[in-house]
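Given next are the chains, with one letter for each unit.
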Amino acid sequence: MIVKTNEELEALKEIGKICATIRDEMIKMTKPGVTTKELDDFAGELFEKYGAVSGPKEEYDFPGFTCISVNDEVAHGIPGKRIIQEGDLVNIDVSGSKNGYFADTGLSFVVGEGEPVLYQICEVAKKAFDAGLTKMKPGSRLNRIGKVVYQTARSNGFTVIKNLTGHGVGHALHEEPDHILNYYDPMDPILLKEGMVLAFEPFISTGAEEIYQESDGWTFKTEERSYVAQIEHTVIVTKEGPVIITE
């Protein structure tokens, strides 16, 4: 989507704030002993409260209002009976729509006291995200984002997941550009445009570079059972700098 009017901008900011609020409220509720289903049911109540609709449920008939991935689950984890434990690495991914506008956000975090490497990959995911933001300028090549994400991961002793990418968002959950790679592709010709809406989401890994889909048809894991941290926000490209609407 390319934002062209103030009305579009305000509509995007509204759904961005809703998704961010649901994400943050779910994170506050994520304590040892809670199940992922309880977290997701809470999200469903919040979507209804704010007059919004779950993105994955609406667009893809996902079996949950949100995606909740734990430990070696990288993304698209299905909410269920799993009980959150002390030290778990959890990713909560919230996307939704209201009045025809979509936003997408996600965050990985450690529950209570966990292994030091888990905090490290979460911190590096934030560093990679911030580095990517500096490359989001109208007229800049999209592949410059992936280049700094990859460089940030490698310089901190980690790698990236190469077959999970960010994407365009706005009037649908997934739009053009259909990829924002976590590595540098010199052949990628796409240029960023003023008003372009992106769901930018670096995935930082302790070792693996690719994911596969589990037999449930949704959950992504790595063959190596690596830990992976993600940070995702919906960002609008502007001449004055990137505007994050899900912060």
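Residues numbered from 1 in each chain as written. Predicted model: local features only at pLDDT ≥ 70, side-chain atom pairs only at ≥ 80, totals over all residues. Heavy atoms only, no water.

- An unreviewed UniProt entry lists the chain under the name Methionine aminopeptidase, with Metabacillus niabensis given as the organism.
- As recorded by UniProt, the Subunit (unreviewed entry) comment attached to the chain reads in full: "Monomer."
- Heading Function (unreviewed entry) of the UniProt record for the chain holds this comment: "Removes the N-terminal methionine from nascent proteins. The N-terminal methionine is often cleaved when the second residue in the primary sequence is small and uncharged (Met-Ala-, Cys, Gly, Pro, Ser, Thr, or Val). Requires deformylation of the N(alpha)-formylated initiator methionine before it can be hydrolyzed." (UniProt positions renumbered as here; feature names shortened; annotations may be inferred.)

**Let's talk about the UniProt feature "binding site: substrate" (unreviewed entry) in the chain**
Stage number 1. The UniProt record annotates "binding site: substrate" (unreviewed entry) at His 76 and His 174.
Stage number 2. Inspection of the secondary structure puts His 76 in the loop between strand E3 (73-75) and strand E4 (89-98).
Stage number 3. Looking at His 76, the relative accessible area reads 31%, which means it is partly exposed.
Stage number 4. Setting aside residues up to four positions removed in sequence, His 76 forms contacts with Phe 62, Cys 67, Ser 69, Trp 218, Thr 219 and Phe 220.
Stage number 5. Residue position: His 174 is located in the loop between strand E7 (166-168) and strand E8 (175-180).
Stage number 6. Residue His 174 is classed as partly exposed on the basis of its relative accessible area of 42%.
Stage number 7. Every residue in contact with His 174, bar those within four places of it in the chain, is listed here: Tyr 60, His 167 and Gly 168. (Helix = DSSP H or I, 4+ residues; strand = E, 2+ residues; numbered from the N terminus. Buried < 20%, exposed > 50% of the residue type's maximum accessible area, 1.4 Å probe, protein only. Contact = heavy atoms within 4.5 Å.)

**Comments concerning the pairing of E8**
Stage number 1. In this sheet, E8 lies alongside E7 in antiparallel orientation, the contact comprising two bridges. Looking at the pairing, Gly 166 lines up with Ile 180 of E8. (Pairing = 2+ DSSP bridges.)

**Some details on the packing of helix H4 (residues 116-133) against helix H5 (residues 143-155)**
Packed helices, taken two at a time, are described by their axes: the angle between them and the distance between them.
Stage number 1. Contact geometry of H4 with H5 gives a least axis separation of 8 Å together with a crossing angle of 150°. Taken together, the axes of H4 and H5 lie roughly antiparallel to each other. Judged by the sense of rotation from one axis to the other, the crossing of H4 with H5 is right-handed. Of the residues in H5, those touching H4 at Val 124, Lys 127, Ala 128, Ala 131 and Gly 132 are Ile 145, Val 148, Val 149, Thr 152 and Ala 153.
Stage number 2. Grouping the constituent residues of the contact of H4 with H5 by class yields seven nonpolar, two polar and one charged. (Axes fitted to C-alpha atoms, helices over the stretch in contact; angles between N-to-C directions. Parallel < 35°, antiparallel > 145°, perpendicular 65-115°, else oblique. Left-handed = near helix turned anticlockwise from the far one by under 90°. Nonpolar A, V, L, I, M, F, W, Y, C, P; charged D, E, K, R; others polar.)

**Comments concerning the UniProt feature "domain: Peptidase M24" (unreviewed entry) in the chain**
Stage number 1. As recorded in UniProt, the sites labelled "domain: Peptidase M24" (unreviewed entry) are residues 10-239.
Stage number 2. In residues 10-239, helix accounts for 31% and strand for 26%; the two terminal C-alpha atoms are 18 Å from one another.

**So, the environment of Pro 32**
Stage number 1. Looking at the secondary structure, you find Pro 32 in the loop between helix H1 (6-29) and helix H2 (36-49).
Stage number 2. For Pro 32, a relative accessible area of 44% corresponds to the partly exposed category.
Stage number 3. As a C-alpha pair, Pro 32 and Gln 85 span 53 residues in sequence and 4.6 Å in three-dimensional space.

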